[in-house]
Structures are given as structure tokens and as C-alpha cells.
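Geometric and topological summary
Listed below are the residues making up each chain.
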2 protein chains.
Amino acid sequence: MWDIAAEFKAKIVFAEHRYYGASMPFGDKSLDNQHIGYLSSAQALADYAELINYLQKNALKPKYPVIAFGGSYGGMLAAYFRMKYPHVVAGAIAASAPIHMFPDMVPCEVFNRIVTSSYKVANSKCADNIKKSWSFIRSYAASANTSEWLRQNWNLCGPANSTLHADVLVEFLESMYVTMAMVNYPFASDFLMPLPAQPVKVVCQYLNETLKDKELLEGIGKVISVFTNNKKECLNYTEGDNYGNLNASGWDYQACTEMVMPICTTGKNDMFEPSPWNFTQYAEACHKKYNVYPRPNMARLEYGGAMLEAASNIVFSNGLLDPWAAGGILNSVSDSVKAVIIIDAAHHLDLMASNPSDPESVKMARQIHKDNIRKWIDEFNRRMAHRRA
Amino acid sequence: MWDIAAEFKAKIVFAEHRYYGASMPFGDKSLDNQHIGYLSSAQALADYAELINYLQKNALKPKYPVIAFGGSYGGMLAAYFRMKYPHVVAGAIAASAPIHMFPDMVPCEVFNRIVTSSYKVANSKCADNIKKSWSFIRSYAASANTSEWLRQNWNLCGPANSTLHADVLVEFLESMYVTMAMVNYPFASDFLMPLPAQPVKVVCQYLNETLKDKELLEGIGKVISVFTNNKKECLNYTEGDNYGNLNASGWDYQACTEMVMPICTTGKNDMFEPSPWNFTQYAEACHKKYNVYPRPNMARLEYGGAMLEAASNIVFSNGLLDPWAAGGILNSVSDSVKAVIIIDAAHHLDLMASNPSDPESVKMARQIHKDNIRKWIDEFNRRMAHRRA
């Protein structure tokens, strides 16, 4: 957006989603049970409508065309915003928006198959080594000596010397691999955490021959060092998903209400331990944490699921390196609800600032975005001219 | 709907709006301040989506095409439902839906100008007599003898012997004239209360020559008798708007939150005492009653106001005898958002059962509805066949 704003003489507005970042409606009590219920995508969309109406100076007819942009959940919101408020936004660029990532819409294992294929592509041994590593990790955690070695070699803050610890450590590592696949950009970035260019390729160099036992675990120790940017402090692996820049407490609640996205591993077509999707377990955990049960069909029913024919002026872009493409719209729905596939892109690379390392495919996608934005603005201006006439 | 359901092999479902009729989510405490907040059009639409999803047996792709029907506020909901949930309903017939009846969208006096013209058309003296009656009513209320005469002649339960009483009585009568204009059907009906065919014409026969003073008030006494179906019990005119079959406590609250519809009288182009629209007063009354302030732009912002270009498969029908046509869509927006004008119809006559007295214009409107419904169903079936292929 920063790259093209001047060309369109556009103002850029970042509207922070309620219950994220500094936008806490009840201060530090916002996430308490009695206040968190106002956190939903529908309420966020209504906020955006209010904000844009305010920026349009409460005009009965909008003065300026507005284009919604977003990546990931933000991309879902951009698309949903155009679907629900087409009178407020002239069009939406929805990058890496997994709007099909809901129960019974996409097989739960696709996500981690894409993660795995990123590591396979990086080098032929990498995914195999990772796959083999789990049993070694668990056997190292099972005895005092080896678990102490693991703690020291991996610079863990606490020992992983029980089955429970091993479970948590395995989860942390899985999340690490997923994250690096998501942000597998052609340049060094600091999106979720500081990472080098092509992080998957970088870490896979430590796993590029057939390894086992201590050697394999030493290799994975080096992978962890890359992920943690070689920092000296010990690694608190119990942070799990929360490691990094993204404070996602709000998302955690949304995942327990409307954003139920089944993700599983099979251990066959992916490099992870098998872990089936168990909605009942998931729902009970949500109930325990937030006193709510998730509504698995809510997002589909509220926003249309696979029935997008009546929508208009939305571009769904997806990079094929991105695990979230599993839930993306990969085929155009109509002349004005279009899919753009970006072969060499990870998670919403097309929304990042242009970079000398950008692959040709993402440059093309950005040009398509610009063409569509121009078209939507022209359409808006024609309609407004017609109304004034 | 009953007339055409068999032809379409259709099931008819009446979904009662939450907080109306028997659909009280908190029983007789539903309208209490701490429970009434869940009453909104957006929540009602979400209810309908849930219900239809249930009737479709929670299918990811709908099994059956669904058409939304509604008249008046129900027509607004039908249109809004198609706008917000086009994946749930294939199209909407929105009869007499005043979706433009919001602040700054339509001059507030149009509504009562249409009411007045109904009485003018019935006979040339009728509206003039009504217009003259207000000052006589007020002067009769001002003294004991004449107010007692009024009580007896009009069969009022209590005397109208103060300015305050006169205000309330005038309001009741205004509401009576409005109601009869709304339900000025060509056949006897029991929609809001039992009324003869063409009630405006019927009551205007008592006001068909230049009258004044006691004669005029006697004439209006006969109008009241028609309106109350000649019932023997005295008239509790303090019921005001609530007289009749329509229990509208829910609407009263919605009018204080999202459904702010400015209606005023000028005393010039209409037959009423002048009464300007005063939002501040209106808002304060709401605050006193429900501890909420109305949001005058909410409906426009939430549902698009005059910006309906992105919608599809909606027919807005309006009868030109209907005061609510003031806020209706009277011009087609696009090929698939169309206006149907029915010259000789009052409030959503086109949704009523066919009747030998129906004017030709309403028969034509019903045929247009059928054609559109057929088109939407065909479109739905083609799309589903395409998905299966």
C-alpha cells in the first residue's frame, strides 16, 4: 500500500481491530470474561464502517472511494467487509485470506502438507530429518542425562524431562516450523520475529544429510538458534504459539467462538507426529478457558463459505508457499470475485513493500491488484457522477 | 405467498422476529433494560440465517432455493437479508419497505402529505374538515361543558378536559387517520383492526360537506365509530399508537436505537397540526424510557441507505396510496434491484391474499413477483447444477 498510495493520491488508514494492540475497549480488563464478548469479526467490521463514515464526514453519499486491504485474518476481514458493506468500500484486496479454513470445508491435513512441502523443496533430506527427530526428542526427554544435554544444547530455560514437557517442546517446534514456512520470504524480515531471507532454506542447511540421534538433535538446535535470532537468553519453549511479536490473545478467543479452523497432522503426508483434529476436545478446552463453546459453522453461515457468487469487487490472492493457501480461494468465482495465485510467495508477500529479491510472480500479482483497484475506483467515480447528474 | 406456494411446490416458513409475539428470549422480562439489548435487526437476520441453515439440514451448500418475503419492517428485513446473506436467500420480495425513511434521506413531511392526499381523493371536503377539526377539539377540551359533551358523543373512557388530554386525543386521532390510510384496502380486512373495505372512503362520507363546530365533531365521532368497529365499550384514547392488534413494544425500542424514522407535519401541505421533527427531544425521550440514545445514521450505515448498487435479486414494491412509500425505493437501481410501483395499493397490498376486489395494478405486481421468483430459483438451480458438475 505504501508503494502505490502516492500514485493513487490515496490516504492510508490502518484501523486497529478491537481487542488487539492498543485498542482495548475495557483497558487491561478487556479480555476478562465479562468484557470479551464484544470481540467478534462482525463488531470489527461495524467499527470499520463507523470509522470510514467518520472519515467521509458522515456524508450520505461517500465522497471518496475506499479500498479495503488485508492479509491473513485481515484479508478475511477485507473480503467480508466488501461482502457486508459494499456501500462503504468499493473493493477489497484479500491476501492470503483462509476464508475456507472452516470445518468440513477443507481437509484438516492440507495446511501441514504445505508446510512439509516447503521443507522438502528446500532440500531433499530436511523434512525427513525433522520427521525422524520427534522420537529422538521424546527418548531424550525420557531420561535425566539426555534431557539435561538437550536443555544445554538447545539453551532451554527449563528441562524437558517428562512426557508433558516433551509434548510442549514438540508443540513449540511444530509451531516454529509452521511459522518459518509462513514467513519464508525472499528477504530478511521482522514480521513475526527477526528472520533471515528464505528462513526455511537457511535452517534446512543444518539438516541436509541423513542424520540421527545426537547429530540430528544438534542440527535442530541450530535451527532453533536461527529461529531465536541467536539470542543469548535461554528459550522459554513453554510460550508455544505465543513466541514472537504477535500478541494474539484476541485471536485465541475468536478461535474459540467463530474462527474454528481445523488443522491436523497425519504423520504420513507431513513431517509431524500424527495429531487428529478433535472438535470435542477443542470445544471443551475453549469452554474451560472462556466459558464459551465454539460455533463451528458460524463463519460459514455468517459470511457465505463457498457461496460467494453474489459478492463483487474482491481479489483473493494466495502464495503457493503459504500453508494458509489451504483455506484460500484458489479459483475465480466470477468476473469480479477473482483468485490470483502467486507461485513463489509465502504468507501475503504481495502486501509487503517491494524488494529487489521479489520473484516475478509477486510483481505480477501487485500489478493485477493495481489494475483492479483502478477499475473499482473508476466504477465508483462513474456511479457518483451519475448520481450527481 | 399462500396463493402461489403450491405452484412453486414451496414450503412457507414464518419466522417470528425475536422480541415480538411469542418469541421472547427472556419471557416476560425480555423488554427489561438488562435484556432488551439483544433486540436488533442484525440479530434478527442472524436468527433467520440460523433457522434456514437448520431447515437446509446444515448443508454446506444449500439444498433448496429460499426466497425472503416481507412487508413494511418485514420488507426492510427481507431486503436487508438478501443484502447481507445472499448465500442464504436467492432473492427477496420487499413490499412497502421504507428503507430510505431515515434522517436526511427523505423530507419528514412526505409521509403525512401522502396520508392527507388519501383523504383528499376520497372526497374534496374530507381533508379540509379534518384539518379544521383540531382547533374545535382543543376549544371543546378547554371548558368543562363542551369537554363532557365530547366525552359522551365520542364515547371516551375519560374526559378530555385539559391541554394535556387534548394533546393525547389529537395524537390518537392523527394515528387513526394514518392507520386508515395505511390499510386503505379494497376489501374489509382485519390487519391492524377490523375495518371495512376502503375505510378512508367510508369515513369520509361523514365529512363530505363543509362542517364546523359541533356538526364537525359529530362527524368525527362517526369516523371514530368506524375505526373502533362500533364497539360498545368506551374508547381509551390514551392508548395512542398502541390501539389495535399490533403489539409493537419491540418496535418502540428499535425506533429508539437503530430505526430512527423522522415523520413530521407542517399544517400546510397536510391536514394535521404542525409538528416539527425534533431529534433532540426524540432522543431524550428514548433515553428516559430505555436508557439508550438513538443512532440516527445506524441503519443507513449498516444497510447502505441509497447505495444499493452492489445488491442483487431484490424487488421493492410500493403502493402509491401508502404513506410508507415516502421512504420506499421507487426507482429501479439495476437489472436485479428493481422497483415496482402499484398505483392503487395501500400498505403491502401485494402480499395479501388475492381478492375479487383487487385492482388490476396489484395483480400485475403479483405477476412480476412470480416472474422474479421463478428467475431467482432458476438461477439458483443452474448454479447448484454447475457446482455438482
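Residues numbered from 1 in each chain as written. Chains lettered and ligands numbered in written order. Predicted model: local features only at pLDDT ≥ 70, side-chain atom pairs only at ≥ 80, totals over all residues. Heavy atoms only, no water.

Some words on the overall build of chain A
Put simply, the rule reads: Runs of E in the DSSP output that reach at least two residues are strands. Runs of H or I that reach at least four are helices, and both are numbered from the N terminus. Radius of gyration means the value over C-alpha atoms here, while the globule rule gives 2.2 Å times the residue count to the 0.38 power. Buried means the residue's accessible area, taken with a 1.4 Å probe over protein chains only, is under 20% of the maximum for its type, while exposed means over 50%, and partly exposed covers the values in between. Any two residues whose heavy atoms approach within 4.5 Å at even a single point are treated as in contact. Each accessible area is a Shrake-Rupley result for a 1.4 Å probe, and residues are judged covered by the shown protein chains and nothing else. The positive count covers Lys and Arg only, the negative count covers Asp and Glu only, and His and the chain ends enter neither. A single reference atom marks each charge: NZ on Lys, CZ on Arg, CG on Asp, CD on Glu.
Helix and strand counts for chain A come out as 13 helices and four strands. Rg of the C-alpha trace for chain A: 22 Å, near the compact-globule value of 21 Å for 389 residues, within the 12% margin. Judged by the C-alpha coordinates and their principal axes, chain A covers about 80 × 50 × 40 Å. Here chain A holds 389 residues, and 52% of them are scored as buried. When contacts within chain A are restricted to residue pairs at least 6 apart in sequence, those whose partners lie at least 24 apart make up 67%. Total accessible area on chain A is roughly 17800 Å²; 53% of this is exposed by carbon and sulfur atoms. Distance between charge centres in chain A, computed from 37 positive and 38 negative side chains, equals 6 Å.

So, the environment of Met176(B)
Residue and element names in this part refer to chain B. With respect to the helices and strands, Met176 occurs in helix α7 (residues 163–182). Taking the C-alpha atoms as reference points, Met176 and Val223, separated by 47 residues in sequence, lie 9.3 Å from one another. If we ignore the near neighbours within four places in the chain, the residues touching Met176 are Tyr119, Val223, Ile224 and Phe227.

Here's the deal with the relation of the copies chain B and chain A
What counts is decided by this rule: Only residues with pLDDT of at least 70 in both copies contribute their C-alpha atoms to the least-squares superposition of the copies.
Superposition record for chain B on chain A: RMSD 0.0 Å, screw rotation 180°, translation along axis 0.0 Å. Each copy turns onto its partner about a two-fold axis. Among all C-alpha atoms of chain B, that of Lys84(B) lies closest to the rotation axis, at 2.7 Å.

Focus: a nonpolar patch on the surface
Note the following rule: Patches here are clusters of residues that have more than 30% relative accessible area and form no salt bridge, with a 9 Å joining cutoff for like charges and a 5 Å cutoff for nonpolar side chains (Val, Leu, Ile, Met, Phe, Trp, Tyr). Within this document, salt bridges are pairs made up of a side-chain nitrogen of Lys or Arg and a carboxyl oxygen of Asp or Glu, the two lying within 4 Å of each other.
Taken together, the side chains of Leu320(A), Leu330(A), Ile341(A) and Ile343(A) make up a nonpolar region of the molecular surface, amounting to roughly 330 Å² of accessible area. Its location among the elements puts Ile341(A) in strand β4 (residues 337–342).

Remarks on the packing of helix α4 (residues 110–122) of chain B against α7(B)
Residue and element names in this part refer to chain B. Where we set the bar: Angles run from 0 to 180 degrees between N-to-C directions of axes, and those axes are lines fitted to C-alpha atoms, restricted for helices to the stretch in contact. Working definition: roughly parallel below 35 degrees, roughly antiparallel above 145 degrees, roughly perpendicular at 65 to 115 degrees, and oblique for all remaining angles. Polarity classes work like this: nonpolar for Ala, Val, Leu, Ile, Met, Phe, Trp, Tyr, Cys and Pro, charged for Asp, Glu, Lys and Arg, and polar for all others, with Gly in that last group.
At their nearest, the axes of α4 and α7 sit 9 Å apart, and the two run at 75° to each other. Relative to α7, α4 is oriented roughly perpendicular. Here Phe111, Asn112, Val115, Ser118 and Tyr119 of α4 come into contact with α7, specifically with Met176, Tyr177, Val178, Met180 and Ala181. The class makeup of the residues in the contact of α4 with α7 is eight nonpolar, two polar and no charged.

Digging into the packing of aromatic side chains
We apply this condition: Pairing of aromatic rings covers Phe, Tyr and Trp, the last through its six-membered ring, and needs centres within 6.5 Å; plane angles under 30 degrees mean stacked, over 60 mean edge-to-face, and all others mean tilted. Charge-over-ring contacts are defined here by two conditions on Lys NZ or Arg CZ: a distance within 6 Å of the ring centre and an angle within 35 degrees of the ring normal.
With the rule as written, the count across this model stands at 34 aromatic pairs over all chains. Connected via pairs of aromatic rings, a cluster forms that spans Tyr119(A), Trp134(A), Tyr177(A) and Phe272(A). Across from the ring centre of Tyr85(B), 3.8 Å away, lies the NZ or CZ of Lys84(A), which sits over that ring.

What about the side chain of Ser317(A)?
All names here are of chain A. To be explicit about the condition: Whenever two N or O atoms come within 3.5 Å, that pair is a polar contact, provided that in protein one can donate a hydrogen and the other can accept it, and provided that, for residues adjacent in sequence, both atoms are side-chain atoms.
In this fold, Ser317 is placed in strand β3 (residues 314–319). A polar contact of 2.5 Å, which involves the side chain of Ser317, links it to the side chain of Asp350. Ignoring sequence-local partners within four residues, the contact set of Ser317 consists of Ala94, Ala95, Ser96, Ala97, Val340, Ile342, Asp350 and His369.

What about the interface of chain B and chain A?
Filter applied, for reference: Note on definitions: buried area is the accessible-area loss of two parts on being combined, 1.4 Å probe, summed for both.
Each partner contributes to the interface: chain B provides 33 residues, whereas chain A provides 34 residues. Considering only the surface of chain B that becomes buried against chain A, Leu60(B), Leu301(B) and Met307(B) emerge as the three largest contributors, covering 26% of it. Across the chain B-chain A interface, the total number found is four salt bridges. Residue Glu309(B) is joined to Arg383(A) by a salt bridge in which the shortest nitrogen-to-oxygen separation is 3.7 Å. Here chain B is connected to chain A by 15 residue pairs in polar contact (both at pLDDT 80 or more). Elements represented by at least two residues in the side of chain B that touches chain A include exactly α2 (41–55), α3 (73–84), α12 (298–303) and α13 (360–388) of chain B. Top contributing element to the side of chain B that touches chain A by residue count: α12(B), with four residues. Counted by class, the side of chain B that touches chain A contains 17 nonpolar, six polar and ten charged residues.

Details of unusual backbone geometry
Here the phi dihedral of Asn313(A) falls at roughly 55°; this positive angle occurs in a residue that is not glycine. Structurally, Asn313(A) is set in the loop between α12 (298–303) and β3. Unusually for a residue other than glycine, Lys57(B) sits at a positive phi of about 60°. Among the secondary structure elements, Lys57(B) is positioned in the loop between α2 and β1 (67–71).

Some words on the confidence of the model for chain A
Just so we agree on the cut-off: pLDDT is a residue-level measure of predictor confidence that goes from 0 to 100.
Averaged over all residues, the pLDDT of chain A equals 94, while 98% of them reach at least 70. Here the complex is predicted with pTM 0.94, and the ipTM for its interfaces comes to 0.91.

Comments concerning the state of the cysteines
Residue and element names in this part refer to chain A. Under the convention used in this document: The disulfide criterion used throughout: a pair of cysteine sulfur atoms within 2.5 Å.
Evaluated as defined, the whole model comprises eight disulfides over all chains. There is a disulfide in this structure between Cys157 and Cys234, and the S-S distance comes to 2.0 Å. Taking the torsion about the S-S bond as the criterion, the Cys157 to Cys234 disulfide, at about 95°, is right-handed. One end of the pair, Cys157, is in the loop between α6 (144–153) and α7 (163–182); the other, Cys234, is in the loop between α9 (213–227) and α10 (249–255), and 77 residues separate them in sequence. Judged by relative accessible area, Cys157 falls into the partly exposed class, the value being 37%. Each bonded cysteine of chain A gets a number by its place in the sequence, and the pairs then read 1-7, 2-4, 3-5, 6-8.

Details of the sheet that holds strand β1 (residues 67–71) of chain A
All names here are of chain A. Quick note on the threshold: Each pair of strands is called paired provided DSSP finds at least two bridges between the two strands.
Across the sheet, four strands lie side by side as β1-β2-β3-β4; this open sheet has parallel pairing. Of all strands in the sheet, those with a lone pairing partner are β1 and β4, marking the two edges. Strand after strand, the sheet turns through a mean of 15° between neighbouring axes, direction not considered. Strand direction decides the pairing type here: β1 and strand β2 (residues 91–95), joined by five bridges, are parallel. Across the sheet, Phe69 pairs through a bridge with Ile93, a residue of β2.

Regarding helix α11 (residues 279–290) of chain A
All names here are of chain A. In plain terms, the rule: A helix is expected to span 1.5 Å for every residue after the first. Picture the helix axis, draw a direction to every C-beta atom, and the arc is the one those directions span.
When the terminal C-alpha atoms of α11 are compared, their 16 Å separation across twelve residues agrees well with the 16 Å that a helix rising 1.5 Å per residue should span. Considered for burial, the residues of α11 that qualify are Ala283, Cys286 and Tyr290. On an axial view of α11, the arc spanned by its buried residues comes to 60°, and they lie on one face. Along α11, exposed side chains directed more than 90 degrees from the buried face belong to Thr280, Gln281 and Lys288. Those residues of α11 hidden inside the fold are in contact with α10.

Some points on the sheet that holds strand β4 (residues 337–342) of chain B
All names here are of chain B. Strand order in this open sheet of four strands is β1-β2-β3-β4, and the pairing throughout is parallel. Each edge of the open sheet is held by one strand with a lone partner, namely β1 and β4. Pairwise comparison of adjacent strand axes, ignoring direction, gives a mean angle of 15° for this sheet. Of the strand pairs in this sheet, strand β3 (residues 314–319) and β4 are connected by six bridges, and their pairing is parallel. Of the residues in β4, the one forming a bridge with Phe316 is Ala339. Contacts from α3 reach β1, β2 (91–95) and β3, with the element oriented near 150° to β1. Lying on the sheet, α13 is in contact with β1, β2, β3 and β4; it crosses β4 at an angle near 160°.

Some points on the pattern of salt bridges
Using the criterion set out here, one finds 25 salt bridges over all chains in the structure. One salt bridge connects Arg366(B) with Asp358(B), and the closest N-O pair in it is separated by 2.8 Å. For Arg366(B), a relative accessible area of 15% puts it in the buried group. Assessed through its relative accessible area of 6%, Asp358(B) is described here as buried. Connected via shared salt-bridge partners are Arg138(A), Asp167(A) and Glu273(A).

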